[in-house]
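Coordinate inspection notes
Here are the chains, one letter per residue:
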Amino acid sequence: MEHPENDSQYKGLQVNAGVISQPVINPYKNRRRAVAPALTVNDYVEGILKGDVSILGRAVTLVESTAEQHQSVAQEVIEKCLPYSGKSRRIGITGVPGAGKSTSIDVFGLHVIRNGGKLAVLAIDPSSERSKGSILGDKTRMEKLSLEKDAFIRPSPSAGSLGGVARKTRETIVLCEAAGYDNIFVETVGVGQSETAVHSMVDFFLLIQLAGTGDELQGIKRGIMEMADGIVINKADGDNVERAKLAASQFRNALFLFPPSPSKWKPEVITYSGYYELGIDIVWDMIDRYFAYVKKTGYFERKRNEQAKYWMMETIDEQLRNHFYSVPEVRALLEQKELRVLNNEQSSFTAARDVLECYFKSLNKKSE
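Just so it is clear, the model here is predicted, and its values are computed rather than measured.

Moving on: the overall build of the protein chain. Of regular secondary structure, the protein chain possesses 13 helices and seven strands. Partitioning the contacts of the protein chain with sequence separation of at least 6, the portion at a separation of at least 24 is 75%. Of the accessible surface of the protein chain, which amounts to about 21700 Å², a share of 54% is contributed by carbon and sulfur atoms.

Further remarks concern the packing of aromatic side chains. Per the stated rule, a full pass over the model turns up 14 aromatic pairs. For the ring pair Phe 324 and Tyr 325, a centre distance of 5.0 Å and an interplane angle of 90° mean the geometry is edge-to-face. Looking at Phe 324, the relative accessible area reads 12%, which means it is buried. The interplanar angle of 55° and the centroid separation of 5.7 Å between the aromatic rings of Tyr 359 and Phe 360 together place this pair among those described as tilted. For Tyr 359, a relative accessible area of 8% gives the class buried. A relative accessible area of 46% places Phe 360 in the partly exposed class. Ring pairing ties together the aromatic residues Phe 204, Trp 265, Tyr 290, Phe 291, Tyr 293 and Phe 300, which thus form one cluster. The aromatic ring of Phe 300 is capped on one face by Lys 295, whose charged end is 5.0 Å from the ring centroid.

Turning next to the pairing of strand 1 (residues 89-95). Within a regular strand, side chains alternate between the sheet's two faces. In terms of residue burial, strand 1 counts as a mostly covered element, since seven of its seven residues are buried. Here strand 1 runs beside strand 4 (residues 183-187); their pairing, made up of five bridges, is parallel. Bridge pairing in strand 4 links Ile 91 to Phe 185. Bridge count between strand 1 and strand 5 (residues 204-210): five bridges; the pairing is parallel. Opposite Ile 91, over in strand 5, you have Phe 204 as the bridge partner.

On the surface, a nonpolar cluster with roughly 380 Å² of combined accessible area is contributed by Met 312, Met 313, Ile 316 and Leu 320. On the secondary structure map, Ile 316 appears in helix 11 (residues 299-326).

Here is what the cut-offs are and how they apply
- Residues numbered from 1 in each chain as written.
- Predicted model: local features only at pLDDT ≥ 70, side-chain atom pairs only at ≥ 80, totals over all residues.
- Heavy atoms only, no water.
- Helix = DSSP H or I, 4+ residues; strand = E, 2+ residues; numbered from the N terminus.
- Contact = heavy atoms within 4.5 Å.
- Areas by Shrake-Rupley, 256 points an atom, 1.4 Å probe, with all protein chains shown as cover.
- Phe/Tyr/Trp six-rings, centres within 6.5 Å; stacked < 30°, edge-to-face > 60°.
- Buried < 20%, exposed > 50% of the residue type's maximum accessible area, 1.4 Å probe, protein only.
- Lys NZ or Arg CZ within 6 Å of the ring centre and 35° of its normal.
- Pairing = 2+ DSSP bridges.
- Patch = residues over 30% accessible without salt bridge, like charges linked within 9 Å, V, L, I, M, F, W, Y side chains within 5 Å.
- Salt bridge = Lys/Arg side-chain N within 4 Å of Asp/Glu carboxyl O.

This is a description of form; function is not addressed.
Shown next as structure tokens:
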């Protein structure tokens, strides 16, 4: 197309023809992505036992998947890795938002690695109830630890189901232990219901707290305090040292109000600074003393056995619940009963009884 501006009568003006088609900005746009070859169960197990991080990551993805074919492979891998597990120290870490859990894990993990250990960090990341998505940004806050070859960091979305994530996290622990990680950190989503689930899969439960935030005991549930095997006051540095000491004193006084723990271990309260790496040795010495104590008294083995039984029963409950709601007759009747209950035409208890009877009848029909 001719541009009149290019006419000789218009001096100093010139319009270029331009480009007909824009070049592709990304030269790799049309290049096909390489697809990783499918692995057999034996491939997964061999890779995990050799400490192959990429295969371990793929195995954890299988564990977290809800696809039936993935779950069948994952369970086979877990069964074969089970004899090589159980040799780590499992430590749960919780605290109020902003307490510095990720920063503390970063420096605690470096302490473990510097002393010849290998560390796996399983961070449960809260999911949005609206979009069901997660940021999974814990690894970015563990800047130093994420660069270590002996550290494996795996954030997992809670996806609105803490129980389901807790079971998958326990299965992931088995894989990490089989891969040679002798220290497992499980970071929770914060103070709430997830602590109970995480407490049932770890050996030591660490509660991280802050000082100088007003009432030091505000927002701390009695159950969380009772579960804690150790309490640490973070950010005890600079002008905050005295406030941290005061908070530690208040927590020690609060612990006297609680009954003795099943292990008979008396939880300690320690101040430290994760950011400035002050007092890390003292915190870790407390953890070492705890493990020496519970192994001497035999509580360590008893707790592991109780946890194994607990998760067996939890898995049975979950499978029964899933099977119950998968029966078409039950789903159809459930909708009818919900309407009757909402319209005050039937009580909740009798409606539940009718739905359960329908479920048991469907089982009897299948068995005949």
